[in-house]
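Chains, contacts and geometry: an overview
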Amino acid sequence: RSSTDFCGLTTHTSKMDLAAHNRDIWQTDQARAAKATPRYQPLVEIDKQKAARLPSRPSMSRSLAVAFCYSAASHGQTALELTMGGAGQQHGVLTWCFVRALTELQCDCTHSELLKAIREQMKQVREDCLPRMDQDVLLTFATPRSDPGAARVLQ
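Because the structure is predicted, anything quoted here is derived from the model rather than measured.

Counting its secondary structure elements, the protein chain contains four helices and five strands. The linear arrangement of helices and strands in the protein chain, starting from the amino end, is α-α-β-β-β-β-α-α-β. Here the protein chain holds 155 residues, and 26% of them are scored as buried. When contacts within the protein chain are restricted to residue pairs at least 6 apart in sequence, those whose partners lie at least 24 apart make up 68%. Per element, the accessible surface of the protein chain, about 10,700 Å² overall, is 52% carbon and sulfur.

Set out below in structure tokens:
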């Protein structure tokens, strides 16, 4: 866990926060009808804090990456898989909404526009399938070169 609660690495602590998940989200009759199941990510703990430092080479400048990451849920939320679509297949909610939003935008959008469209799709899933769903997409990006309002998706 980063001591600053940012996604980038700065310093580490030996404490880990467990997320509290609301089991009612996937155990209601409506959720069971949609075959909702939670997705869990294992916690990763760094044993030796002193050894967990960022690599540095004074003679070599660090590159500034352009990177975007879409996460299925924030800390404390539950990422779900649901049975959606006519084929009755299980899909991750983020995957389902991501593909539908990208299709709706014809793959021609910025990351900010895609994030907004994914949230609209998630709102629709919430209204149609699972009103108690607490899952919301999280977009993180590498500063200073990654501008979600200007960078085009898939380019």
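Moving on, we get to the pattern of salt bridges. Under the defined criterion, the tally for this structure stands at two salt bridges. Between aspartate 108 and arginine 152 there is a salt bridge; the shortest N-O distance is 2.6 Å. Of the two residues, aspartate 108 is situated in the loop between α3 (93-104) and α4 (111-128) and arginine 152 in the segment after β5 (138-141); the sequence distance between them amounts to 44 residues. We classify arginine 152 as partly exposed; its relative accessible area is 29%.

Time to look at the nonpolar core. Counting residues in hydrophobic clusters, the biggest one holds 26 residues, and the most contacted among them are Leu82, Val93, Leu114, Ile118 and Met122. Elements represented by at least two residues in this core include exactly α1 (24-27), β3 (79-84), α3 and α4. In terms of residue count, the dominant contributor to this core is α4 (six residues). Setting aside residues no more than four positions away along its own chain, methionine 122 makes contact with Ala72, Val93, Leu94, Cys97, Met133, Gln135, Asp136 and Val137.

A cluster of acidic residues, Glu104, Glu120, Glu127 and Asp128, forms a negative patch at the surface. Among the elements that line the negative patch, the one with the most residues is α4, at three residues. Within the secondary structure, aspartate 128 sits in helix α4. Taking relative accessible area as the criterion, aspartate 128 reaches 51% and is therefore assigned exposed.

All right, on to the packing of aromatic side chains then. Under the criterion given, the structure shown has two aromatic pairs. Look at tyrosine 70 and phenylalanine 98: their rings are 5.4 Å apart centre to centre, the planes differ by 80°, and that puts the pair in the edge-to-face class. Of this pair, tyrosine 70 sits in strand β2 (residues 68-71) while phenylalanine 98 is found in helix α3, placing the two residues 28 residues apart along the sequence. In this structure phenylalanine 98 comes out as partly exposed when scored by relative accessible area, which is 23%.

The subject of this paragraph is α3. In an α-helix, one turn spans 3.6 residues; hence positions three or four apart end up facing the same way. With 12 residues, α3 extends 16 Å between its outermost C-alpha atoms, agreeing within 8% with the 16 Å of an ideal straight helix rising 1.5 Å per residue. Those residues of α3 that fall on the buried side of the exposure criterion are Val93, Leu94, Cys97, Ala101 and Leu102. Mapping the buried residues of α3 onto a view down its axis gives an arc of 145°, with all of them on the same face. Lining the buried residues of α3 we find β2, β3, β4 (89-92) and α4.

Our focus in this paragraph is unusual backbone geometry. For the bond running from threonine 143 to proline 144, omega is 5°, close enough to zero to count as cis. Here proline 144 lies in the segment after β5. Of note, the phi angle at glutamine 106 is positive, near 55°, even though the residue is not glycine. If you trace the backbone, glutamine 106 turns up in the loop between α3 and α4. Residue glutamine 106 is classed as exposed on the basis of its relative accessible area of 66%. Of note in the backbone geometry, cysteine 107 takes a positive phi value of approximately 60° without being a glycine. Here cysteine 107 shows up in the loop between α3 and α4.

How each quantity is defined
- Residues numbered from 1 in each chain as written.
- Predicted model: local features only at pLDDT ≥ 70, side-chain atom pairs only at ≥ 80, totals over all residues.
- Heavy atoms only, no water.
- Helix = DSSP H or I, 4+ residues; strand = E, 2+ residues; numbered from the N terminus.
- Buried < 20%, exposed > 50% of the residue type's maximum accessible area, 1.4 Å probe, protein only.
- Contact = heavy atoms within 4.5 Å.
- Areas by Shrake-Rupley, 256 points an atom, 1.4 Å probe, with all protein chains shown as cover.
- Salt bridge = Lys/Arg side-chain N within 4 Å of Asp/Glu carboxyl O.
- Core = buried A, V, L, I, M, F, W, Y, C linked by side-chain atoms within 4.5 Å.
- Patch = residues over 30% accessible without salt bridge, like charges linked within 9 Å, V, L, I, M, F, W, Y side chains within 5 Å.
- Lys, Arg positive; Asp, Glu negative; His and termini not counted.
- Charge placed at Lys NZ, Arg CZ, Asp CG, Glu CD.
- Phe/Tyr/Trp six-rings, centres within 6.5 Å; stacked < 30°, edge-to-face > 60°.
- Expected span 1.5 Å × (residues − 1).
- Arc of directions from axis to C-beta.

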